[in-house]
Amino acid sequence: MGASGEDAAESEERFDGMLLAMAQQHQGGVRELVNTFFSFLRRKTDFFVGGEENAAEKLITETFSRHNKLAQRAQKEKRARQEAEERQKAERAAKLAKEAPREDSEPRIKELTDEEAERLQLEIDQKKEKKEIKVQDVPVESSEKPVETPESSKQDTDDEEEDEKDKGKLKPNSGNGADLPNYRWTQTLSELDLAIPFKVNFRLKGKDVVVDIQRRHLKVGLKGHTPVIAGDLYNEVKVEESSWLIEDGKIVTVHLEKINKMEWWNKLVQTDPEINTKKINPENSKLSDLDSETRSMVEKMMYDQRQKSMGLPTSDEQKKQDILKKFMEQHPEMDFSKAKFN
């Protein structure tokens, strides 16, 4: 069932690129496009007069009814998904709001009695005296020489491994994509734009180019010539929301809508060189297009990714450190030198 469903979807979508190109040539919109279809059937086929009386009208009515039902059902399913997502968001927000006061009210540090505090302070004083004696016996070294700790050594190793892993990858262009010899592409989290200039001595028209946009495949080129692009895409796109145009009679531009709107592509098609997505500048993308919750999550994800790449604490780790620091300032009498925190 799953395979046949996928085959049916691919069969239904295989002419989308051609039909989108036709639709873009009709300035009058859907009415003009439909009129073109019926004009073709009237002039080039016996659709209207080749069968029984009213057979053509019956076929059109049945076909319209079937696709209308499919469209209405898809719209209801989409609306139901949106309502379910809204309910989940509301439930999560209510749950977080309910749990927050409880977490704040729970004591995280056990308060010491007076006797325990005196005994702890005595131990701290004794340890300080021992440390001072040891420091006096150790010769002083030059302060200019950096001290290498296990943490700094590990961080240097991680940086070297990360640099080695990303070695050879292209730096993203100003649009978070890549400038390649034959074309240029840019991206945001939700969409991707491609520009292919053609060196021809005439103004390009729709009939001169081949643009085939499929869910996981893209083909662009001049008719009768080797395609400039012909390969599997990095990930899936929404064919029905993607499009292409000819600009200035020389440049073919392709717009692709990503299905997964929460990831950066490191290449357009599988044969392209990779870009280093860690160097992507999210400020260049249209984060304003996302809803507030998704935008906050994406910005947090980008911040944490940059922090990790520099060996710095993530936002959650920083929050924990701030809470600990504040508590230590409020309780200077307590010794945290041997405490371990995750």
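Residues numbered from 1 in each chain as written. Predicted model: local features only at pLDDT ≥ 70, side-chain atom pairs only at ≥ 80, totals over all residues. Heavy atoms only, no water.

Examining the confidence of the model for the protein
Chain-level pLDDT for the protein is 79 on average; 75% of the residues reach the 70-or-more range. Segment residues 140-152 is flagged for pLDDT under 50; beyond a separation of four residues in sequence, or across chains, it makes one contact in the model. (pLDDT = per-residue confidence, 0-100. Contact = heavy atoms within 4.5 Å.)

A look at the sheet that holds strand β6 (residues 229-232)
One open sheet accounts for three strands, arranged β4-β5-β6; its pairing is antiparallel. Two strands close off the open sheet at either side, each with one partner strand: β4 (209-213) and β6. Neighbour to neighbour, the strand axes of the sheet diverge by 5° on average, direction disregarded. In this structure, strand β5 (residues 217-222) lies alongside β6, joined through four bridges in antiparallel fashion. Within β6, the residue paired with H217 across the bridge is D232. (Pairing = 2+ DSSP bridges. Helix = DSSP H or I, 4+ residues; strand = E, 2+ residues; numbered from the N terminus. Axes fitted to C-alpha atoms, helices over the stretch in contact; angles between N-to-C directions.)

Some points on helix α2 (residues 16-24)
For α2, the full list of buried residues reads D16, G17, L20 and A21. When α2 is viewed along its axis, its buried side chains cluster within an angular range of 135° and face the same direction. (Buried < 20%, exposed > 50% of the residue type's maximum accessible area, 1.4 Å probe, protein only. Arc of directions from axis to C-beta.)

A few points about the pattern of salt bridges
As enumerated under the stated definition, the model contains five salt bridges in all. The partner of R215 in a salt bridge is E236, and the shortest N-O contact between them spans 3.4 Å. With R215 in the loop between β4 and β5 and E236 in the loop between β6 and β7 (237-247), the pair connects residues that are 21 residues apart, well separated along the chain. The salt bridge involving K267 is made with E274; its shortest N-O contact spans 3.9 Å. When salt bridges with common partners are traced through the structure, they connect K169, K267 and E274 into a single cluster. (Salt bridge = Lys/Arg side-chain N within 4 Å of Asp/Glu carboxyl O.)

Describing the environment of L312
As for its placement among the helices and strands, L312 is situated in the loop between α7 (292-309) and α8 (315-330). The class for L312 is partly exposed, based on a relative accessible area of 40%. Those residues in contact with L312, other than ones at most four positions away along the chain, are Q307 and E317.

Side note on the packing of aromatic side chains
Counted according to the given criterion, the structure contains three aromatic pairs. Taking 6.3 Å as the distance between ring centres and 40° as the angle between the ring planes, the aromatic pair formed by F38 and F48 counts as tilted. Placement of the pair is F38 in helix α3 (residues 30-44) and F48 in the loop between α3 and α4 (55-105), with a sequence separation of 10 residues. With a centroid separation of 5.1 Å and 85° between ring planes, the pair formed by F47 and F48 is classed as edge-to-face. Look at F47 and you get partly exposed, because its relative accessible area is 21%. Looking at F48, the relative accessible area reads 43%, which means it is partly exposed. An aromatic cluster is present here, built from F38, F47 and F48 joined pairwise through their rings. (Phe/Tyr/Trp six-rings, centres within 6.5 Å; stacked < 30°, edge-to-face > 60°.)

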